[in-house]
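Coordinate inspection notes
As a plain string of letters, each chain reads:
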Amino acid sequence: MSTKLSKILLPVSRQGATDSCRQAAFGLARDFAARLEVLHLCPAAWQRLPYASEISPFYSEEVLDICREQVSAEQLEVKAWFEQALSAQPGAPADFQCIEGFPATNMAARARVADLSVVPSIAARDDEFWTAVRDAALFQSGRPVLVVPQETPNRSGETIVVAWKDSVESVRAVTAAEPFLAKAKRIVLLSVAEDDNDDPSLAGMADYLALTGLSVETSRIASTSDTVGKALLLEASKTPGTLLVMGAYGHWRWREWVFGGVTEEVLRDTIVPVLMAH
């Protein structure tokens, strides 16, 4: 079992990141002795030009100069945010990088060469920028994402609740959580029953984790009148400092399957940090 994180990615806008994301990312870098990359995803100057079918070259260049000034101002603003964050988090090695271009494309590319990306929940930060960044990290990088709500404790992960489903996504989530599982004091493998049939894979995964030296509890609850997402969040929130681990579903039919489904519900409503893997 891998118990190491080498590189953590914290994407930021011109305003930086939420306080909870900042604390989570710097805290993980310190706890795991990992390198933290704070990545400013900045739309390029040419992407900011107003659309026009006919525009004079002189006017176009003048507007482009203004857009370049905007880019420079934003980079200075977020660099100042980084310096302040770094001074407030001693012991966490961190680098700052700014990449101009399409935020989603650059996010996916940088996330592929990191162990983990830290992003805010939908409720914590919901706009066009963060929607694109969150989706790219979760569904286009092949790497796990830590989703952090607005209000979250400084320390989490002593208890880990794994939302288990007999699926490839759940297996990937368990694999992604290995560094956290190794440090946890309590691990609960949780299955939400949507019918009366037993799920033999629940005991199978518990047995596998036991072979790696982990002590695992299993729990199977009924979703009753609540949705699966609400049932998961209710169980995960019962113990302070819990980290929820789950698979993320819906890349190919994301409009029908993710938004309106369990993944979207947890991304929006979670009050605990969630480690997701697609």
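Scroll up to find the structure.
Note that the structure is predicted; figures quoted are calculated from it, not measured.

**Let's talk about the sheet that holds strand β8 (residues 216-222)**
Read from one edge of the open sheet, 10 strands run β3-β2-β1-β4-β5-β10-β9-β6-β7-β8, paired in mixed fashion. Edge positions in the sheet fall to β3 (94-100) and β8, since each has one partner strand and no second. Across this sheet, the average inter-strand angle for adjacent strands is 25 degrees, counted without regard to direction. Across seven bridges, strand β2 (residues 35-42) lies against β3 in parallel orientation. Note on β3: the bridge partner recorded for H40 is C98. The sheet contacts of helix α8 (residues 228-236) involve β6 (159-163), β7 (186-193), β8 and β9 (242-247), and relative to β7 the element is tilted by about 155 degrees.

**Let's talk about the environment of V119**
Here V119 shows up in strand β4 (residues 116-120). Exposure remark for V119: the relative accessible area of 1% places this residue in the buried category. C-alpha separation for the pair V119 and L138, spaced 19 residues apart in sequence, amounts to 9.6 Å. If we skip the residues at most four places from it in the chain, V119 touches P11, C21, R134, V145, L146, V147 and V148.

**A look at the pairing of β7**
On a regular strand, each side chain points to the face opposite its neighbour's, so the side chains alternate between the two faces of the sheet. Summarising burial for β7: seven of the eight residues are buried, a large majority. In terms of strand pairing, β6 meets β7 through five bridges, oriented parallel. Paired with I160 across the two strands is I187, which belongs to β7. Of the strand pairs in this sheet, β7 and β8 are connected by seven bridges, and their pairing is parallel. Residue pairing for β8: S191 is matched across the bridge by R220.

**Brief notes about the nonpolar core**
In this structure, L10, L36, V118, L146, F180 and L275 are the most contacted members of the largest nonpolar core, which totals 46 residues. For this core, the leading source of residues is helix α1 (residues 19-31), giving six residues. Other than its neighbours up to four places away in sequence, L10 contacts A17, C21, R22, A25, F26, L36, E37, V38, L39, W81 and V118. Among the nonpolar cores identified, the runner-up in size contains 38 residues, and I99, V147, L232 and V266 belong to it.

**Some details on the side chain of T18**
Inspection of the secondary structure assignment puts T18 in the loop between β1 (7-12) and α1. Judged by its relative accessible area of 4%, T18 falls in the buried class. A polar contact is formed between the side chain of T18 and the backbone nitrogen of C21, at a distance of 3.1 Å. For T18, the residues in contact, after removing those within four places along its chain, are P120, A124, R125 and Q150.

**Describing the packing of α8 against helix α10 (residues 262-269)**
Packing of α8 against α10 leaves a shortest axis separation of 8 Å and a crossing angle of 45 degrees. Here α10 runs oblique to α8, going by the angle between their axes. Like other packed secondary-structure pairs, α8 and α10 cross with a definite hand, here right-handed. For the pair α8 and α10, the contacting residues are V228, G229, K230, L232 and L233 in the first and V262, E265, V266 and D269 in the second.

Conventions we followed
Residues numbered from 1 in each chain as written. Predicted model: local features only at pLDDT ≥ 70, side-chain atom pairs only at ≥ 80, totals over all residues. Heavy atoms only, no water. Pairing = 2+ DSSP bridges. Helix = DSSP H or I, 4+ residues; strand = E, 2+ residues; numbered from the N terminus. Axes fitted to C-alpha atoms, helices over the stretch in contact; angles between N-to-C directions. Contact = heavy atoms within 4.5 Å. Buried < 20%, exposed > 50% of the residue type's maximum accessible area, 1.4 Å probe, protein only. Core = buried A, V, L, I, M, F, W, Y, C linked by side-chain atoms within 4.5 Å. Polar contact = N/O pair within 3.5 Å; in protein donor to acceptor, adjacent residues only side chain to side chain. Parallel < 35°, antiparallel > 145°, perpendicular 65-115°, else oblique. Left-handed = near helix turned anticlockwise from the far one by under 90°.

Purely geometric numbers; function is a separate question.
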